[in-house]
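Listed below, chain by chain, are the residues.
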Amino acid sequence: MISCKDAVARLWEYLDRNLGRVEERELEEHLGLCRHCCGELEFAQQLRTRLRQEGPAVTLPPETRHKLEAFVRSLGEQR
Ligand SMILES: [Zn+2]
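Given the structure is predicted, the values throughout are model-derived calculations rather than measurements. (Residues numbered from 1 in each chain as written. Predicted model: local features only at pLDDT ≥ 70, side-chain atom pairs only at ≥ 80, totals over all residues. Heavy atoms only, no water.)

1. A look at the packing of aromatic side chains
- For the coordinates displayed, the defined rule picks out two aromatic pairs.
- When the ring of W12 is compared with that of F71, the centres are 5.8 Å apart and the planes differ by 55°; the resulting orientation is tilted. Linking W12 in helix α1 (residues 4-15) with F71 in helix α4 (residues 62-77), this pair joins segments that are 59 residues apart in sequence.
- Consider the rings of F43 and F71, whose centres lie 6.1 Å apart with planes at 75°: the pair is edge-to-face. (Phe/Tyr/Trp six-rings, centres within 6.5 Å; stacked < 30°, edge-to-face > 60°. Helix = DSSP H or I, 4+ residues; strand = E, 2+ residues; numbered from the N terminus.)

This is how it looks when you write it as structure tokens:
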């Protein structure tokens with residue numbers, strides 16, 4: 001099974017449907033078993049919907065923004 005790091009790194013691509021069939025399957029398998037990454041998916045989905053609705057000028061509540069910043073930082077650390 002793929003690691004949480006891999007799963008989180010694939011979330012946005014997954015939401016954009018940019019993953020290959022195998023990668024998508026691996027991610028879904030992981031999400032089915034990992035509550036942590038399920039939460040991350042939910043968060044990413046909500047954030048994406050929000051950004052789409054409100055555009056780049058969106059003002060996020062501090063709590064969400066901190067979580068987003070931590071999320072982006074964690075993605076950066078993997079590269
Ligand atoms: Zn996980």
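2. Observations regarding helix α2 (residues 21-33)
- For α2, built from 13 residues, the straight-helix expectation of 18 Å at 1.5 Å per residue is met to within 8% by its first-to-last C-alpha distance of 19 Å.
- Residues of α2 that are buried: L27, H30 and L31. When α2 is viewed along its axis, its buried side chains cluster within an angular range of 100° and face the same direction. Away from its buried face by more than 90 degrees, α2 exposes R21, V22, R25, G32 and L33.
- Packing partners of the buried residues in α2 comprise α1 and α3 (35-54). (Expected span 1.5 Å × (residues − 1). Buried < 20%, exposed > 50% of the residue type's maximum accessible area, 1.4 Å probe, protein only. Arc of directions from axis to C-beta. Contact = heavy atoms within 4.5 Å.)

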